[in-house]
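# An overview of the molecular structure
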Amino acid sequence: MDRREFLKTAAVAGASLALPGLLLPDGSAAAAEKLDMVVAKGPSPARITRAAVDAFGGMRRFVSRGDVVVIKPNIGWDRTPEYAATTNPEVVGTLVRLCFEAGAKKVKVFDHTVSSPRRAYKQSGIADAAGAAGAELSFVEDRKFREMKIQGETLKSWPLYTEVFEADKIINVPIAKVHGTSILTLGMKNWMGVMGGSRGRIHQRIDPCLVDMARTVRPTLVVLDAVRILVANGPTGGDLSDVRLMNTVAVSQDQVAMDAFGSTLFGLREDALGCVRLGHQAGLGNMRLARQKIRRIQA
Amino acid sequence: MIRKARLASQALFLLLFLWLFLQTESKGADQLGYPVKFFLDADPLLALTAILSSRSFLPSMLLAGAVALATVFLGRFFCGWICPLGTLHNLAGAAVRKRRRVVPKGSFRLKYLLLVFLLASSAFTLQITGIFDPLSLLIRSLSLSVYPAFQYGVTSFLDVLSRWPVPGLAPAADWLLGILYKGVLSLRQPAFSQGFLLGILFMGILALNWIERRYWCRYLCPLGALLGILSRRSLLSRSVSEGCDSCGACVPGCEGGCFPQSPDKWRKAECYLCGNCDDACPKNAVSFGFGKKRGAAQLDLGRRRVVAAAAAGVAAVPLLRIGPSGTGQADPRLIRPPGSLEEREFLQRCVKCGECMKVCITGGLQPALTEASLEGLWSPVLVPRVGYCEYRCTLCGQVCPTGAIRRLSPEEKADVKIGLAMIDPGRCLPWAHGIFCIVCEEVCPTPKKAVLLEEVVVKDREGMPVTVKQPRVDLERCIGCGICENRCPVLGKPAIRVLSVGESRSRDNRLLLP
Ligand code: SF4
Ligand code: SF4
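Residues numbered from 1 in each chain as written. Chains lettered and ligands numbered in written order. Predicted model: local features only at pLDDT ≥ 70, side-chain atom pairs only at ≥ 80, totals over all residues. Heavy atoms only, no water.

## Some points on the overall build of chain A
Looking only at helices and strands, chain A has 10 helices and 12 strands in total. For chain A, the proportion of its 299 residues judged to be buried stands at 62%. Of the roughly 11,000 Å² of accessible surface on chain A, 49% is carried by carbon and sulfur atoms. (Helix = DSSP H or I, 4+ residues; strand = E, 2+ residues; numbered from the N terminus. Buried < 20%, exposed > 50% of the residue type's maximum accessible area, 1.4 Å probe, protein only. Areas by Shrake-Rupley, 256 points an atom, 1.4 Å probe, with all protein chains shown as cover.)

Take a look at the structure:
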């Protein structure tokens, strides 16, 4: 993909963000139109995921017939789901199903893992859950990274994963957990998983870099997995006493708002994260949760 | 008839061998699901010398005993019908039209003398059999050299093709790669520090077929020698009827160089039961069967030669051990895989087959050159900059055929230290340069992080205060897995490095009081 093509895709992705408000397929969505976020709570990860998306207007509002959808969970580590180091497999599996129900042609699931990819995919349970739902799972391949221009303040260009930009729709599905540098890792941090090259260097100026990435990859939806959250020794975890059961899934289109909301789950202020403040200032989203219409449901 | 059956058997076992070789790779679960070390387990030479050198029995080697026993009855069927290296020799030899026979008479004794040498050295605790053992040699050569070269060749060839400005080429190459990655290619390009050397050696061994058919098997293979000795009185045997007039039609086809044209000079211990003489005989005078007359030449090695070979084997023990690492000071780079026995015992068992290096999911296990003295040549060493030890992986212990690397449960493994990380504050970004980093802390996999962060205020070059987090390693929690060194963004020489000190398997190579 060359630069012109990339800019075109970025523009299309940007436009699709504005569209859903105009093209509401059914009545139920009309009510949802004004919602900024839905937060669902309940004991079944699959059920609350479905309920949250439905309350937000249903997947049909975001995914059209024939779409190729990329779902980007956090599969960074070789951990099993109970350690809350990777996105809940049931949440991912349910999203895959919802996309297909909305008519998606293909749903791709992948992540640029930190642990060995084979182990991370398998042990996280995501390979099995997403695979059973019909998703196309693939390991990230070096040859599919291309150096891309980034209209960022810190990052000017970086090798990014082409499949993300070739998709019609992108759904970001981070898990909420703590991190030594960025305090928490939530939605914007999850974009590190589409970066190639020597991405460890990002940590040197983590917040502006994350905002630059959020500028570059505009998700159709952000679905925050807070079924279990990791409150210490993140992002790898490994100790069950650091895991809190929250039974929560949140859905929004606003990356900044979602990360602001994620912070509150850890007892932090909504503007606790540097990337949230910078993203808000840059107009990427709205971190003021009090000024948003958030619907909380029980499922 | 015999020949056809033999060819079928060879093809079958070669395919089985290659299949198991390809399965010696993590698929994400912590078990491989296939008995990938099957051929090594069935190897009587490895079993015998490992039992001698380690002074313990290895339960996995019952299979080897069965092969030895079968050889006593059936002769060297293993060489002719099973051994994948032998089959490769056949294939390589088939490419040669004309041979210049320059092998001195009596060369066939060499392999017996090598066997005596190896048995003597292993009786005195040295385990270098795997350097010469055909199965170990084959797996090592394939793992560390042929397979990596194959993968590199295929992927870069297709890559070059796909860049040609021909429509349809790129998607076709892509499609083919996709298929190859499913079963044949490895997810990550394998890379080993001595791949080139091992590749040259392997090609040299195959090239010997140019001088003589199955040169390696006839003159060098110590496993062949052992099986030859075992087969001397086997019941299954070749016999020649009166019709034979020593015309010599069977000579060129004879794989073992057994002197088949002469009923009394025929060397039974060299016969692989290949059946080529049966096929070639114009008089139909040759037959294979049980309880046939067993007239055959004695195996005469010469007493002096045997004594000399044994003496050399004994002398090799101190000679190979007088490297600096034999002095009791552990080499800091000698990071052994988790579950490895204490170094002395480890070396007495490790046969350098390369199974652990093939299976290591990160590619961090590399063949040693001098880190462990010459005795430890090609034994596995973790090189963190190349690949770290994956926290919950236990595969190397599962594939080790001799138990040099113990099989650990994931819970046991969590307590095993293979080394210790230390930070170099002169290179570490937050320590030396006031720049944010902490990648080492992020990736550290221990449940309570072994890298601690301390928030400090330092001054930038304008004298303005900046807050950074400086990492420090908790010496008790660190297990030496090396992912921190692997991922440290300070390139060249990383700012956090893992060395072997602190390894649980050693009583002495420790920093802290227990
Ligand atoms: S060294 Fe570690 S990662 Fe490699 S095979 Fe052994 S246990 Fe697995
Ligand atoms: S070697 Fe590094 S990453 Fe591994 S346990 Fe020690 S400090 Fe952690």
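## Observations concerning the overall build of chain B
A count of helical and extended segments in chain B gives 22 helices and eight strands. With 514 residues in all, chain B has 54% of them scored as buried. Intrachain contacts of chain B at a sequence separation of at least 6 include 74% that bridge at least 24 residues. When the accessible area of chain B is evaluated, it comes to approximately 23,500 Å², of which 65% is carbon and sulfur surface. Once the 62 positive and 39 negative side-chain charges of chain B are each reduced to a mean point, those two points are 10 Å apart. (Contact = heavy atoms within 4.5 Å. Lys, Arg positive; Asp, Glu negative; His and termini not counted. Charge placed at Lys NZ, Arg CZ, Asp CG, Glu CD.)

## What to know about the interface of chain A and chain B
Facing the 32 residues of chain A at the interface are 36 residues of chain B. Summing both sides of the interface, chain A and chain B together bury roughly 2,800 Å²; the carbon and sulfur share of this comes to 48%. On the chain A side of the interface with chain B, the three residues burying the most area are R118, R119 and R143 of chain A, jointly 26% of the side's total. Between K448 of chain B and D239 of chain A there is a salt bridge, with its nearest N and O atoms 3.1 Å apart. Of all the elements, helix 5 (residues 117-123) of chain A adds the most residues to the side of chain A that touches chain B, at five residues. Of the residues contributing to the side of chain A that touches chain B, the split by class is five nonpolar, 16 polar and 11 charged. (Buried area = accessible area lost by both parts, 1.4 Å probe. Salt bridge = Lys/Arg side-chain N within 4 Å of Asp/Glu carboxyl O. Nonpolar A, V, L, I, M, F, W, Y, C, P; charged D, E, K, R; others polar.)

## Focus: the site of ligand 1
In the region of ligand 1, the neighbouring residues are P338, C360, I361, L365, C389, E390, C393, C396 and K413 of chain B. Grouping the constituent residues of the shell around ligand 1 by class yields seven nonpolar, no polar and two charged. (Near = heavy atom within 4 Å.)

## Quick notes on the site of ligand 2
The full set close to ligand 2 counts 14 residues, and C444, C478, C481, G482 and C484 of chain B are the nearest of them. Here the residues of the shell around ligand 2 sort into 11 nonpolar, three polar and no charged.

## Side note on the packing of helix 9 (residues 134-162) of chain B against helix 10 (residues 169-183) of chain B
All names here are of chain B. Put simply, helix 9 and helix 10 touch, their axes get as near as 8 Å, and they point 160° apart. Between helix 9 and helix 10, the angle is such that the two are roughly antiparallel. Where helix 9 crosses over helix 10, the handedness of that crossing is left-handed. Across the interface between the two elements, Q151, V154, T155, L158, L161 and S162 of helix 9 pack against L169, A170, A173, L176, L177, L180 and Y181 of helix 10. Of the residues assigned to the contact of helix 9 with helix 10, the class counts are 10 nonpolar, three polar and no charged. (Axes fitted to C-alpha atoms, helices over the stretch in contact; angles between N-to-C directions. Parallel < 35°, antiparallel > 145°, perpendicular 65-115°, else oblique. Left-handed = near helix turned anticlockwise from the far one by under 90°.)

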